[in-house]
Amino acid sequence: MEIKSTNIFIKILSVDDVTTEYVNWLSDTKTNQFLESRWKTYSLEQLKEYVNSMNLSDNNCLFGIFLSENKKHIGNIKIGNINQIHRFADIGLMIGDKNSLNKGYGIESIKLATQYAFQHLNLNKIIAGIYINNIASYKSFIKSGYREVGIYKKHAFYNGNYVDQYIVEILKDEFLLIN
């Protein structure tokens, strides 16, 4: 199943999509600077095991982000920690391919994953936590219709210091009004 927009599509990431290029994204300090995965190094085999575990999980959906024109894998977006009782989840994004940065693909993928979460997972709310100095990610979520609802003070450890973290969210009925 592919969920398409103008320039990209997302699909559940498969073990076959895991390449050395994907491993390199997670090893690149610029790419992973705001990711929790930066605390661990992955081999190709370990990354395949991780993707497989996400595919077997009832509480996570890991999507690959692919360019429509050539089907190139450029990043991932995850709907995680799905709470079936209260019907909410977290969302996280990584554009790993540096040539694909600043082209709006993050916004497109956020909208597609959010649409999937509301229409197929029947969630009511999606939440993202964004380091306060991750301006590009913050702008992508705001442009996707999310709104800032708070700031966790000194919540994340980044470059030897604790930094604040924005909390943004979108409700199903809000998303349906703007899309």
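Refer to the preceding data block for the structure.
Residues numbered from 1 in each chain as written. Predicted model: local features only at pLDDT ≥ 70, side-chain atom pairs only at ≥ 80, totals over all residues. Heavy atoms only, no water.

Draft legend 1. Spatial organisation of the pattern of salt bridges. Enumeration according to the criterion identifies 9 salt bridges in this entry. A salt bridge links aspartate 17 to lysine 11; its shortest N-O distance comes to 2.8 Å. Relative accessible area serves as the criterion here: at 14%, aspartate 17 is assigned to the buried category. The salt bridge partner of lysine 72 is glutamate 21, with a shortest N-O separation of 3.8 Å. In this pair, lysine 72 sits in the loop between strand S3 (61-67) and strand S4 (73-83) while glutamate 21 sits in helix H1 (residues 20-27), placing the two residues 51 residues apart along the sequence. Given a relative accessible area of 30%, lysine 72 falls into the partly exposed group. Note on glutamate 21: relative accessible area 34%, which makes it partly exposed. Residues joined by salt bridges that share partners form a network here, namely Lys125, Arg147, Glu169 and Glu174. (Salt bridge = Lys/Arg side-chain N within 4 Å of Asp/Glu carboxyl O. Buried < 20%, exposed > 50% of the residue type's maximum accessible area, 1.4 Å probe, protein only. Helix = DSSP H or I, 4+ residues; strand = E, 2+ residues; numbered from the N terminus.)

Draft legend 2. Representation of the side chain of serine 144 in the model. Checked against the element boundaries, serine 144 lands in the loop between helix H4 (135-143) and strand S7 (147-158). A residue is classified by how much of its surface remains accessible, and serine 144, at 1% relative accessible area, is buried. Leaving out residues up to four positions away in the same chain, serine 144 has contacts with Ile107, Ile110, Lys111, Ile170 and Ile178. (Contact = heavy atoms within 4.5 Å.)

Draft legend 3. Local environment of the packing of aromatic side chains. All chains considered together, the criterion is met by 9 aromatic pairs. With a centroid separation of 5.3 Å and 15° between ring planes, the pair formed by phenylalanine 9 and phenylalanine 66 is classed as stacked. Of the two residues, phenylalanine 9 sits in strand S2 (residues 8-12) while phenylalanine 66 sits in strand S3, which places them 57 residues apart along the sequence. We classify phenylalanine 9 as buried; its relative accessible area is 4%. Aromatic pair phenylalanine 141 and tyrosine 146: ring centres 5.1 Å apart, planes at 85°, arrangement edge-to-face. (Phe/Tyr/Trp six-rings, centres within 6.5 Å; stacked < 30°, edge-to-face > 60°.)

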